Amino acid sequence: MENVHIMQHPLIKHKITMLRMESTGTSEFRKLVEEIAMLMGYEALADLQTKDVEIRTPVEETIQPVLDGRKIAIVPILRAGLGMVGGILSLVPNAKVGHIGMYRDEETHLPHPYYCKLPPFIDQRLIVVVDPMLATGGSLTDAVSEIKAQGGKHIKCMCIIAAPEGVKLFTEKHPDVELYIGAMDRCLNSNAYICPGLGDAGDRIFGTK
Ligand code: PRP
Ligand code: URA
């Protein structure tokens, strides 16, 4: 699984532990999701291209690097992925944002698509798909299939917590896509929730339970 990157930074580990705690309330949860997304984005975007440009400091003229290469599109999977967008935009404020709507059927645990709007020239962009939870893997796998069907070619995905079952499904279907994971958990329970996980990410971000 050479395209799977599990975060090792102590700040990310610490913040994910805070996120998991049942006692963490909505506003703190939102803040942590955004901070973790920013720290994971820093790692996931470490291979962005640069080009040299001539600038003038108050002291002298010099040649220095600036970002170059593909324009970026951030694509959150609704709803919970929305919580990660601000953190990545704080790193790359000019990125465009697309949206993919998916909900998991409570009985079958299968994903159902309900919305998709991607920025133009999607084939030329670096696409960063974000969703805090990779459980069975159905939602992320189908979201990436839809992005590819619409022309997306250069795709990275970021999930804060993943289950081994979801990583297996996703990497079998999309071995070409780089997957960044904040923490790899033990397994799924009978409701296809991640153990130990953090509960329902969407409900905890939006306070809907
Ligand atoms: C959650 C989560 C993922 C999905 C993961 O969303 O944000 O999108 O479940 O599960 P999977 O890997 O088994 O597909 P949910 O469907 O609960 O929707 P929500 O974000 O609107 O709450
Ligand atoms: N979706 C969540 O929000 N949490 C899980 O544990 C599994 C799917």
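Conventions and cut-offs
Residues numbered from 1 in each chain as written. Chains lettered and ligands numbered in written order. Predicted model: local features only at pLDDT ≥ 70, side-chain atom pairs only at ≥ 80, totals over all residues. Heavy atoms only, no water. Phe/Tyr/Trp six-rings, centres within 6.5 Å; stacked < 30°, edge-to-face > 60°. Helix = DSSP H or I, 4+ residues; strand = E, 2+ residues; numbered from the N terminus. Buried < 20%, exposed > 50% of the residue type's maximum accessible area, 1.4 Å probe, protein only. Lys NZ or Arg CZ within 6 Å of the ring centre and 35° of its normal. Contact = heavy atoms within 4.5 Å. Polar contact = N/O pair within 3.5 Å; in protein donor to acceptor, adjacent residues only side chain to side chain. Axes fitted to C-alpha atoms, helices over the stretch in contact; angles between N-to-C directions. Parallel < 35°, antiparallel > 145°, perpendicular 65-115°, else oblique. Left-handed = near helix turned anticlockwise from the far one by under 90°.

Focus: the packing of aromatic side chains
Note on aromatic pairs: each is described by the distance of the centres and the angle between the planes. Enumeration over the complete set of coordinates arrives at one aromatic pair. Each ring, one from Tyr103 and one from Tyr114, has its centre 6.2 Å from the other, and the planes form 35 degrees; the classification is tilted. Pair noted here: Tyr103 is in strand β6 (residues 99-104) and Tyr114 is in strand β7 (residues 111-117), with a separation of eleven residues, a long-range link. Under the relative-accessibility criterion, Tyr114 is labelled partly exposed at 43%. Seen from the ring of Tyr193, Arg104 lies directly overhead, with NZ or CZ sitting 5.6 Å from the centre.

Notes on the environment of Thr141
Summarising the element assignment, Thr141 is placed in helix α4 (residues 138-149). A relative accessible area of 4% means that Thr141 is categorised as buried. Discounting chain neighbours no more than four positions away, the residues touching Thr141 are Leu169, Phe170, Lys173 and His174. At 2.7 Å, the side chain of Thr141 and the backbone oxygen of Gly137 are in polar contact.

What to know about the packing of helix α1 (residues 10-20) against helix α2 (residues 26-44)
Packing of α1 against α2 leaves a shortest axis separation of 10 Å and a crossing angle of 155 degrees. Classed by the angle they form, the pair α1 and α2 counts as roughly antiparallel. Classified by chirality, the crossing of α2 by α1 is left-handed. Contacts between α1 and α2 involve Leu11, Ile12, Lys15, Ile16, Met18 and Leu19 from the first element and Phe29, Leu32, Val33, Glu35, Ile36, Leu39 and Met40 from the second.

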